[in-house]
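Per-entry structural report
Listed below are the residues making up each chain.
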Amino acid sequence: MGLPLRGQSSKEERGERAMTRVWTGLGMAAAFIAIVFLLPIEGFTIGLAAVALVLSWEYVRLARHWAPRLHLGLTALLTLGVGWVVAAELSGQQPLTGGGLPEGGLLTLALLCSLSLGAGLQALFSRTPVADSLPVIGAVVFGALYVGVPFGTLLELRRHSPWMVVLALAIVALGDIAGLYVGRAIGRRKLAAVVSPKKTWEGAIANFGAGLLATAAIAWWRVGEVEPALLLVGGLASVAGQLGDLVESMLKRGAGVKDSGAMLPGHGGLLDRLDSLLFAAPVLWLCYLLLELEPLP
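Summary of the structure given here. In this text the structure is predicted, and so the values were computed from the model without any measurement.

Overview of helix α9 (residues 270-291)
- For α9, spanning 22 residues, the distance from its first C-alpha to its last is 32 Å, which sits close to the expected 32 Å at 1.5 Å a residue.
- Its axis deflected by about 30° at Ser276, α9 carries its strongest bend there.
- Burial within α9 is extensive, with 16 of its 22 residues counted as buried.
- Just downstream of α9, Glu292 is the residue with a positive phi angle, here 55°.

This is the structure in structure tokens:
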């Protein structure tokens, strides 16, 4: 019996990690889709808020590399506030109560004031050194928008149709799987070597193609046709999702950590799994609104 070749075990281990990542991702997608279809909008809102709190916690862990005194509670509170305002402004009514909103962008103004005041107060009263005040303020504002805007957008997608949430999930999940395997098999040209050395242009193209196929398949299944405008939306959402992945990789590399957490086998933290969705979901709904497309039934 010959000795294993050098690098053979590591290749097998990488393959096992890749499979673990795929199965974890598919399991998460199945669980999330079940929640989307089985829970009423109120239950979905509560579940989504819980996810947003976990994402805020993982984000704060990363951001404390630059802002050591960043306060988790205030950042999470502002995140939920951003999500609620985004959902309310998009729907034209309060997400849970159904009451009318004041006109003139009052909620948006309140949101901006809360972000600026909350970030400033956090830097002021957390005994942050003066030289670190701007990183703290920037970390609070970015974190609240980074997680809060997708939170509100996903809530609005679910309000219109559960299949809109499925569409967003399918674009990023299937794209991630295609990009992972194609990149490992034939990837040669680095996409962003400094931020994410394993990402390749070949994998990115496969990711994009899988996003288009997912969009076309779901559209054909639900409405029996595929509008060119919808393919454009799916392509833009795929690109946005890949950018979201790179942004989170940039934060992790800057913080000197491999993963945002350790909740999910093969994926690290919840933020590691949902980083693409954080960018893809808002772009998906924004394109739907700009192109005046009808939500999937």
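That covers the picture; the talk isn't over yet.
Some thoughts on the packing of helix α5 (residues 133-160) against α9
- At their nearest, the axes of α5 and α9 sit 9 Å apart, and the two run at 60° to each other. Classified by the angle their axes make, α5 and α9 are oblique. Note on packing geometry: the crossing formed by α5 with α9 is left-handed. Along the contact surface, α5 presents Tyr146, Val149, Pro150, Thr153, Leu154, Glu156, Leu157 and His160, while α9 presents Leu271, Asp275, Leu277, Leu278, Phe279, Ala281, Pro282, Leu284 and Trp285.
- Residues that form the contact of α5 with α9 fall into these classes: 13 nonpolar, two polar and two charged.

So, the pattern of salt bridges
- Evaluated as defined, the whole model comprises six salt bridges.
- Salt-bridge contacts for Glu156 lead to Arg159; the nearest nitrogen and oxygen are separated by 3.2 Å. One end of the pair, Glu156, and the other, Arg159, are both in helix α5, three residues apart, so they sit about a helical turn from each other.
- Given the relative accessible area of 1%, Glu156 is considered buried.
- For Arg273, the salt bridge goes to Asp176, with nearest N and O atoms at 3.3 Å.

A word on the packing of aromatic side chains
- A full pass over the atoms with the stated rule returns seven aromatic pairs.
- Seen from their ring centres, Phe37 and Trp163 are 5.1 Å apart, and the 70° between their planes marks the pair as edge-to-face. Of this pair, Phe37 sits in helix α1 (residues 8-38) while Trp163 sits in helix α6 (residues 162-186), and the two are 126 residues apart along the sequence.
- Between Trp163 and Trp221, the aromatic rings sit 4.9 Å apart at their centres with planes inclined by 75°, giving edge-to-face as the arrangement. Taken together, the positions of Trp163 in helix α6 and Trp221 in helix α7 (residues 201-223) put the pair 58 residues apart, joining distant regions of the chain.
- Sitting over the face of the ring of Phe44, Arg158 holds its NZ or CZ atom 6.0 Å from the ring centroid.

Brief notes about α7
- Helix length check: α7 (23 residues) gives 33 Å between terminal C-alpha atoms against 33 Å at 1.5 Å per residue, within 8%.
- The set of residues buried in α7 consists of Glu202, Gly203, Ala204, Ala206, Asn207, Ala210, Gly211, Ala214, Thr215, Ile218 and Ala219.

A look at the nonpolar core
- With 66 residues, the main nonpolar core has Leu70, Leu157, Leu277, Leu284 and Tyr288 as its most contacted residues.
- The biggest single contributor to this core is α9, with eleven residues.

Overview of a nonpolar patch on the surface
- A surface patch of nonpolar side chains, about 470 Å² in accessible area, is lined by Leu232, Leu236, Leu286, Leu290 and Leu291.
- Contributions of two or more residues to the nonpolar patch are made by α8 (228-255) and α9.
- Of the residues forming the nonpolar patch, the biggest block, three residues, is contributed by α9.
- For Leu291, a relative accessible area of 37% gives the class partly exposed.

Quick notes on the rules
Residues numbered from 1 in each chain as written. Predicted model: local features only at pLDDT ≥ 70, side-chain atom pairs only at ≥ 80, totals over all residues. Heavy atoms only, no water. Helix = DSSP H or I, 4+ residues; strand = E, 2+ residues; numbered from the N terminus. Expected span 1.5 Å × (residues − 1). Bend = angle between axes of the 7 residues up to and from the residue. Buried < 20%, exposed > 50% of the residue type's maximum accessible area, 1.4 Å probe, protein only. Axes fitted to C-alpha atoms, helices over the stretch in contact; angles between N-to-C directions. Parallel < 35°, antiparallel > 145°, perpendicular 65-115°, else oblique. Left-handed = near helix turned anticlockwise from the far one by under 90°. Contact = heavy atoms within 4.5 Å. Nonpolar A, V, L, I, M, F, W, Y, C, P; charged D, E, K, R; others polar. Salt bridge = Lys/Arg side-chain N within 4 Å of Asp/Glu carboxyl O. Phe/Tyr/Trp six-rings, centres within 6.5 Å; stacked < 30°, edge-to-face > 60°. Lys NZ or Arg CZ within 6 Å of the ring centre and 35° of its normal. Core = buried A, V, L, I, M, F, W, Y, C linked by side-chain atoms within 4.5 Å. Patch = residues over 30% accessible without salt bridge, like charges linked within 9 Å, V, L, I, M, F, W, Y side chains within 5 Å. Areas by Shrake-Rupley, 256 points an atom, 1.4 Å probe, with all protein chains shown as cover.

Distances and angles like these do not, on their own, reveal function.
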